[in-house]
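Single-letter residue listing:
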Amino acid sequence: GAVVSQHPSWVICKSGTSVKIECRSLDFQATTMFWYRQFPKQSLMLMATSNEGSKATYEQGVEKDKFLINHASLTLSTLTVTSAHPEDSSFYICSARSGQGVGTGELFFGEGSRLTVL
Amino acid sequence: AQSVAQPEDQVNVAEGNPLTVKCTYSVSGNPYLFWYVQYPNRGLQFLLKYITGDNLVKGSYGFEAEFNKSQTSFHLKKPSALVSDSALYFCAVRDQGNTPLVFGKGTRLSVIA
């Protein structure tokens, strides 16, 4: 199946700093990428839908100024957590779907990024 | 709006026994249904999907799922469980548009030797 690479896998930062997480589709072009957040022992919560070349669409309750999403190319989307605070500590997972319908609609997931804000 | 229900937080099964992880869904129109598995501190791995066609779908690692339209269910099954199947399993659904997947809360499967 298609491969989605997410980096970094683990990041620890001080409160007030910003952290960037990258999501790359390695062997297909991803016109749409999705960013999810997962709290311990809970399901995945969709944060935003990222479309190449346009602004991201954020889910209700997600602060777009805090979670900046950029989808500058067909293979890369980034999530920047700005002015991070301990409550932003979480597991962030990206996923991608090809505009050509790789796998007829199935999503391919990155390995996730564990963010810990001290 | 789309939704998924996984009624069991935890499923315990003895190694070698059959396993079932339940999932029901709600979606307008025809559903696209998926099962994913997650190991600790990892992303999600695709197991199988139902788009159209045969109601019984076979996927990775010997898993299968049956689409039941009348009961709006898509239960995950495996004839003989392995200890290595122990993980967190997510059912997900979306409609046929370019919409995000909606996930169930997950079911933790524990296979005991």
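See the structure printed just above.
Residues numbered from 1 in each chain as written. Chains lettered and ligands numbered in written order. Predicted model: local features only at pLDDT ≥ 70, side-chain atom pairs only at ≥ 80, totals over all residues. Heavy atoms only, no water.

Participant: Any details on the overall build of chain B? Residues and values, ideally.
Facilitator: What chain B contains, in helices and strands, is zero helices and twelve strands. Going from N to C terminus, chain B has its helices and strands arranged as β-β-β-β-β-β-β-β-β-β-β-β. A compact globule built from 113 residues would reach a C-alpha radius of gyration of about 13 Å, and chain B, at 13 Å, matches this within 12%. Within chain B, counting contacts between residues at least 6 apart in sequence, those at least 24 apart form 57% of the total. Here chain B displays about 5,200 Å² of accessible surface, and carbon together with sulfur accounts for 49% of that area. In chain B, which carries 10 positive and 8 negative side-chain charges, the distance between the mean positions of the two groups comes to 4 Å. (Helix = DSSP H or I, 4+ residues; strand = E, 2+ residues; numbered from the N terminus. Rg over C-alpha atoms; globule rule 2.2 N^0.38 Å. Contact = heavy atoms within 4.5 Å. Areas by Shrake-Rupley, 256 points an atom, 1.4 Å probe, with all protein chains shown as cover. Lys, Arg positive; Asp, Glu negative; His and termini not counted. Charge placed at Lys NZ, Arg CZ, Asp CG, Glu CD.)

Participant: How would you summarise the interface of chain B and chain A if you had to cite specific residues and measurements?
Facilitator: Taken together, the contact pairs 22 residues of chain B with 23 residues of chain A. Where chain B abuts chain A, roughly 1,700 Å² becomes buried across the two surfaces, and 51% of that area is made up of carbon and sulfur atoms. At the surface where chain B touches chain A, the tally comes to one salt bridge. Residue Arg42(B) pairs with Glu111(A) through a salt bridge whose shortest N-O separation is 2.4 Å. Linking chain B to chain A there are six residue pairs in polar contact (both at pLDDT 80 or more). When contributions to the side of chain B that touches chain A are tallied by element, the ones reaching two or more residues are strand S5 (32–38), strand S6 (44–50) and strand S10 (87–94) of chain B. (Buried area = accessible area lost by both parts, 1.4 Å probe. Salt bridge = Lys/Arg side-chain N within 4 Å of Asp/Glu carboxyl O. Polar contact = N/O pair within 3.5 Å; in protein donor to acceptor, adjacent residues only side chain to side chain.)

Participant: Go over unusual backbone geometry, please, and point to the residues and values.
Facilitator: The omega torsion across His7(A) and Pro8(A) is 0°, close enough to zero to call that bond cis. By the secondary structure assignment, Pro8(A) is in the loop between strand S1 (4–7) and strand S2 (10–13). Backbone geometry places Ser83(A), a non-glycine residue, at a positive phi of 45°. In this fold, Ser83(A) is placed in the loop between strand S8 (76–81) and strand S9 (90–97). Phi is positive for Thr72(B), which is not a glycine, with a value near 45°.

Participant: Account for the nonpolar core, with residues named and values stated.
Facilitator: Counting 27 residues, the largest nonpolar core has Trp35(B), Leu47(B), Leu48(B), Phe74(B), Leu76(B) and Tyr89(B) as its most contacted members. Looking at this core, the elements that each hand over two or more residues are strand S2 (10–14), strand S3 (19–21), S5, S6, strand S8 (64–68), strand S9 (73–78), S10 and strand S12 (107–112) of chain B. The element that contributes the greatest number of residues to this core is S10(B), accounting for four residues. The contact partners of Leu47(B), leaving out residues within four places of it in the chain, are Trp35(B), Tyr36(B), Val37(B), Gly59(B), Ser60(B), Tyr61(B), Phe63(B), Leu76(B) and Tyr89(B). Counting 26 residues, the second-largest nonpolar core is a separate cluster that includes Val11(A), Ile21(A), Cys23(A) and Ala84(A). (Core = buried A, V, L, I, M, F, W, Y, C linked by side-chain atoms within 4.5 Å. Buried < 20%, exposed > 50% of the residue type's maximum accessible area, 1.4 Å probe, protein only.)

Participant: Which residues make up the state of the cysteines, and what are the values?
Facilitator: Taken as a whole and judged by the stated rule, the model has two disulfides over all chains. Disulfide pairing places Cys23(B) opposite Cys91(B) at an S-S distance of 2.0 Å. Handedness of the Cys23(B)-Cys91(B) disulfide follows from its S-S torsion of about -60°: it is left-handed. Of the two residues, Cys23(B) sits in the loop between S3 and strand S4 (24–26) while Cys91(B) sits in strand S10, which places them 68 residues apart along the sequence. A single burial state applies to Cys23(B) and to Cys91(B), both of which are buried. Cys94(A) provides the cysteine sulfur closest to Cys13(A), a residue in no disulfide bond, and the two sulfurs are 18 Å apart. (Disulfide = S-S within 2.5 Å.)

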